[in-house]
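Chain by chain, the residues:
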Amino acid sequence: MLNKTYTYPTYEAGRHLALKKIQGSIVNLIRLKEFADYSDFPDKAPETTISGYEAFMSYIQLAKPFVEQAGGEILLVGKGGRFLIGPENEQWDICMLIKQKSVSDFFAFEQNPDYMKITGHRSASILDSRLLPLEMLSF
């Protein structure tokens, strides 16, 4: 049985996030492809085969100015692996924490036409992902 993978949000998930109007950060868990697959984005493909990791790092470097332009900040990009607490057969290659000022700023980033031109690197590199918007708590 093939496990379902997630690489982009559904319309309903985006709608739910927009209605919440939260401010805070977003956690990304990312599982990378062994080799980047540029078959849907041949104009973005490098001359030689590269790893999913290399393609994702290219994407992050290209995306960072767009994140910052929309008022966001990449707080952490870390190499993952197996969980200390969690399913033994589940692991994530990259964990990212991105601080966003607001949901509307996040959507402005995601819908920026110039940003959309670089997303082929993201698609070529990611096998599966989880994106969790966080609401800041006071304690």
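What this report covers is the structure whose coordinates are included nearby. (Residues numbered from 1 in each chain as written. Predicted model: local features only at pLDDT ≥ 70, side-chain atom pairs only at ≥ 80, totals over all residues. Heavy atoms only, no water.)

1. Digging into the overall build of the chain
And step 1. What the chain contains, in helices and strands, is 5 helices and 4 strands.
And step 2. Counted from the first residue to the last, the chain has its helices and strands arranged as α-β-α-β-β-α-α-α-β.
And step 3. Here the chain has a C-alpha radius of gyration of 15 Å; the compact-globule value for 139 residues is 14 Å, and the two agree.
And step 4. Taking the principal axes of the C-alpha coordinates as reference, the chain spans close to 45 × 40 × 30 Å.
And step 5. Put simply, the chain has 139 residues, and 32% of those count as buried. (Helix = DSSP H or I, 4+ residues; strand = E, 2+ residues; numbered from the N terminus. Rg over C-alpha atoms; globule rule 2.2 N^0.38 Å. Buried < 20%, exposed > 50% of the residue type's maximum accessible area, 1.4 Å probe, protein only.)

2. Some words on the pairing of strand S1 (residues 24-32)
And step 1. Here S1 runs beside strand S3 (residues 91-100); their pairing, made up of 7 bridges, is antiparallel. Looking at the pairing, Ile 26 lines up with Ile 98 of S3.
And step 2. Bridge count between S1 and strand S4 (residues 126-133): 7 bridges; the pairing is antiparallel. Bridge pairing links Arg 31 to Asp 128 in S4. (Pairing = 2+ DSSP bridges.)

3. Quick word on the environment of Met 136
And step 1. Locating Met 136 in the fold gives a position in the segment after S4.
And step 2. The class for Met 136 is exposed, based on a relative accessible area of 60%.
And step 3. In this structure Met 136 touches Gln 23, Gly 24 and Ser 25, once residues within four positions along its chain are discounted. (Contact = heavy atoms within 4.5 Å.)

4. Structural notes on the sheet that holds S3
Either a parallel or an antiparallel arrangement is found when strands of a sheet pair, and the pairing is made through backbone hydrogen bonds.
And step 1. Strand order in the open sheet made by the 4 strands is S2-S3-S1-S4, with antiparallel pairing throughout. Strands at the two margins of the open sheet, each flanked by one partner only, are strand S2 (73-82) and S4. Neighbour-to-neighbour, the strand axes of the sheet open up by a mean angle of 20 degrees, direction not taken into account.
And step 2. Each of S1, S2, S3 and S4 touches helix H2 (residues 52-69); the most contacted strand, S3, lies at about 5 degrees to it. (Axes fitted to C-alpha atoms, helices over the stretch in contact; angles between N-to-C directions.)

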